[in-house]
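Coordinates in review
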Amino acid sequence: MTSTTEAGIPSAEGGGTLHRAIGWKDAFWMASGVPALVLFSIGGIAATVGNPSWAIWMLSVTFGFLQAFVYAEIAGLFPSKSGGASVYGAAAWVRYSKIIAPLSVWCNWLAWTPVLAIGGGLAAGYILTTLFGAGAAINAWEITLVNLDFLNQGLTLRINTTSIVGTVILLIVFALQHHGISRAAKIQTVVGLAVLIPLLIVGLVPLLSGNVLAENLTPIIPISGAWDTEGTTLFLGGLFIAAWSAYAFETAICYTSEFKDPKRDTVRAIIAAGVVCVVIYTLVPLSFQGVLGVEGMLQPGIVDGSAVAGAMAGMVGGGAIVARVMVVMLLLALVLAIMTSMAGSSRTLYQGSVDGWLPKFLSHANKHGAPTSAMWTDLGFNLILLMMSDYLFVLAVSNCCYLVFNFLNLHSGWLHRIDNGGAHRPWKAPTILLWIGGGLAFVNAVLLGAGANVWGEGTLRSAVIAIALILPVFAYRHYVTDRGRFPEAMLDDLAVGGSRDLSVRKAGIRPYLTLAAGVAVVIIANQVFQL
């Protein structure tokens, strides 16, 4: 296996490597866009679930924090890999299925990459509304290109001013990250401070000033009026969509091969990011709902995000100036989320290519150590998503992929313990946390089956189509480009436990039983929990 002291991991294309240039604090700031993701769907969850929405955020981020310990352990096994938990988990599943391993990587990328389009679209909307007003003709102009009713009723692909301005924003973020991880981390440190501090203020001031009212938080009954099948389904739908944001700090381990000291930095980065997310995802939803109440959060400007800045200013007792500051902070928060997503998702594509899961051209890195081919692919894909007429539908489909990724990789923790039991682990999670992780994997399966269609009738169907696209992609790479053989670098990494022989499967049939049980849970939940 490649030494952890080398400059980086080799590119399959021979075009450069990722550079070992950052520490855990840099990775923390690279992941600092995750706390801002709470603003993407705080209104949407409140509108769908009602009073329990603040509890949903607390519960979801707790799930995410417990899962992080599994990811911290498996990341430490592969100090020369980047790309996040899906890459480290794929190394466990490849012994049991050539299809499941790339599925993990693909689902992780499909989960993360839409942050570019959603964040770019929201930021563009803020800019256009601020400059021209919500009712300006420029905001209503659009050209419809394709009708996508077969995916979701009313969904179209169109060009409008939001998609054009959003494209400019994505190009700016691309330019900022073109010069490598070290420079990007410095930029995100500054932007991250400008975002996290106001978020903490918004979360703390209403609580300390007594403006969080208990009657706005209770009774904890869904908007349907009872904890019946419909109410429980809505609650699970809220947990479903919250997971996309609240679990996402696991991106802090996307940079393992770029850490100067991966043995130390990996676990510190993900736990530090997790602690901050627990604080933000607890305080901000609590203060929002405690001050505004569910009725206030049901206002269209809160649900679609356009009036969130004004609401935040009011929560801290500010006037017009504070409102303008909040608008700037929200724009920075959205840009920060885009930067976090582009950095993490492009490294997932890069490492997926190096390991033989994805097309070979994606493993090119420039002289600065930036995975530019993967970044261009991210950008091109999101220019299409930017033209979608319903960003919440994009988010919901993306989250289906994210929960599949989490299911597979939470189980990869115990798989690595069995197949690579003798491998050196810089940090080893308590066994009870592996059991908890495995249990939460099935909780995520319930959320996938029960919660997906709360956000649109075609959500689960569209996700299955998106996930299935990995089949021809992987088949071409593995059987045509590589002629049925995996790259030597990937096989060398499998030797962490002493053997790179793919036929050695110490876990027996347990992985297959786990997969079957997961599919069964999704199907049963989908049939039981319906609106």
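Preceding block: the structure.
Heads up: these notes are all about the structure in this document. None of these values were measured; they are calculated from a predicted model. (Residues numbered from 1 in each chain as written. Predicted model: local features only at pLDDT ≥ 70, side-chain atom pairs only at ≥ 80, totals over all residues. Heavy atoms only, no water.)

On to the side chain of Ser341. Considering the arrangement of structural elements, one finds Ser341 in helix H14 (residues 320-354). Excluding its chain neighbours within four sequence positions, the residues that come into contact with Ser341 are Trp112, Thr113, Val115, Leu116 and Ser346. (Helix = DSSP H or I, 4+ residues; strand = E, 2+ residues; numbered from the N terminus. Contact = heavy atoms within 4.5 Å.)

Attention now moves to the packing of aromatic side chains. Applying the stated rule across the entire model yields 17 aromatic pairs. Relative to Tyr281, the ring of Trp57 has its centre 5.6 Å away and its plane inclined at 45°; by these criteria the two rings are tilted. Remark: Tyr281 occurs in helix H11 (residues 262-297) and Trp57 occurs in helix H3 (residues 53-76); sequence separation between them is 224 residues. By relative accessible area, which is 1% here, Trp57 ends up buried. The class of Tyr281 is buried, set by a relative accessible area of 0%. (Phe/Tyr/Trp six-rings, centres within 6.5 Å; stacked < 30°, edge-to-face > 60°. Buried < 20%, exposed > 50% of the residue type's maximum accessible area, 1.4 Å probe, protein only.)

What follows is about the pattern of salt bridges. The final tally for this structure, using the stated rule, is 6 salt bridges. Residue Glu73 pairs with Arg417 through a salt bridge whose shortest N-O separation is 2.8 Å. On the criterion of sequence distance, the pair formed by Glu73 in helix H3 and Arg417 in helix H16 (residues 391-419) is long-range, its members being 344 residues apart. For the pair shown, Glu73 and Arg417 are each scored as buried. A salt bridge links Arg347 to Glu258; the nearest nitrogen and oxygen atoms lie 2.7 Å apart. Taken as a pair, Arg347 in helix H14 and Glu258 in the loop between helix H10 (229-246) and H11 lie far apart in primary sequence, 89 residues in all. Neither Arg347 nor Glu258 differs from the other in exposure class; each is buried. Put simply, Glu73, Arg417 and Arg425 are held in one network by salt bridges that share partners. (Salt bridge = Lys/Arg side-chain N within 4 Å of Asp/Glu carboxyl O.)

Following both chains from N to C, one finds H14 and helix H15 (residues 372-385) inclined at 115°, their axes separated by 8 Å at the closest point. Handedness of the crossing formed by H14 with H15: right-handed. Judged by residue contacts, Met342, Ser345, Ser346, Leu349 and Tyr350 of H14 engage Ala374, Met375, Thr377 and Asp378 from H15. Its residues assigned to classes, the contact of H14 with H15 comprises 5 nonpolar, 3 polar and 1 charged. (Axes fitted to C-alpha atoms, helices over the stretch in contact; angles between N-to-C directions. Left-handed = near helix turned anticlockwise from the far one by under 90°. Nonpolar A, V, L, I, M, F, W, Y, C, P; charged D, E, K, R; others polar.)

To continue, consider the environment of Gly83. Looking at the secondary structure, you find Gly83 in the loop between H3 and helix H4 (85-93). Looking at Gly83, the relative accessible area reads 0%, which means it is buried. Not counting chain neighbours up to four residues away, the residues in contact with Gly83 comprise Tyr88, Asn108, Cys254, Arg347, Thr348 and Gln351.

A word on a nonpolar patch on the surface. Residues Leu200, Leu204, Leu207, Leu208, Val275 and Val279 make up a contiguous nonpolar surface patch of about 490 Å² in total accessible area. If you list the elements that add at least two residues to the nonpolar patch, you get helix H9 (181-209) and H11. With 4 residues, H9 is the single largest residue contributor to the nonpolar patch. On the secondary structure map, Leu208 appears in helix H9. On the basis of relative accessible area, Leu208 is assigned to the exposed category, the value being 73%. (Patch = residues over 30% accessible without salt bridge, like charges linked within 9 Å, V, L, I, M, F, W, Y side chains within 5 Å. Areas by Shrake-Rupley, 256 points an atom, 1.4 Å probe, with all protein chains shown as cover.)

Taking burial as the measure, the 5 residues of strand E2 (residues 156-160) include 4 buried ones, the bulk of the element. Strand direction decides the pairing type here: strand E1 (residues 142-147) and E2, joined by 5 bridges, are antiparallel. Residue pairing for E2: Thr144 is matched across the bridge by Arg158. (Pairing = 2+ DSSP bridges.)

Moving on, we get to the layout of surface pockets. The calculated volume of the second largest pocket comes to roughly 540 Å³. Along the walls of the second largest pocket sit 22 residues, with Leu103, Val404, Leu448, Ile467 and Val519 positioned nearest its centre. Among the secondary structure elements, those contributing two or more residues to the lining of the second largest pocket are helix H5 (100-112), H16, helix H17 (431-451), helix H18 (459-468) and helix H21 (510-528). Grouping the amino acids of the lining of the second largest pocket by side-chain chemistry returns 20 nonpolar, 2 polar and no charged. (1 Å grid on protein atoms, 1.4 Å probe; cavity = no way out; pocket = protein on both sides within 12 Å on 5 of 7 lines; lining within 4 Å. Points joined across faces, edges and corners; volume = space filled by probe spheres on them.)

All right, on to the environment of Ala520 then. You can see Ala520 is positioned in helix H21. In sequence terms Ala520 and Val446 are 74 residues apart; their C-alpha atoms lie 9.7 Å from each other.

As a further point, take the nonpolar core. Leu37, Phe240, Tyr255, Tyr281, Phe288, Met312 and Trp357 are the most contacted members of the largest nonpolar core, which totals 170 residues. At 17 residues, the largest contribution of residues to this core is made by H16. Other than its neighbours up to four places away in sequence, Tyr255 contacts Ile22, Ala27, Met30, Ser82, Ile181, Thr340, Ala343, Gly344 and Arg347. Counting residues in hydrophobic clusters, the runner-up holds 5 residues, among them Trp54, Ala55, Val212 and Leu217. (Core = buried A, V, L, I, M, F, W, Y, C linked by side-chain atoms within 4.5 Å.)

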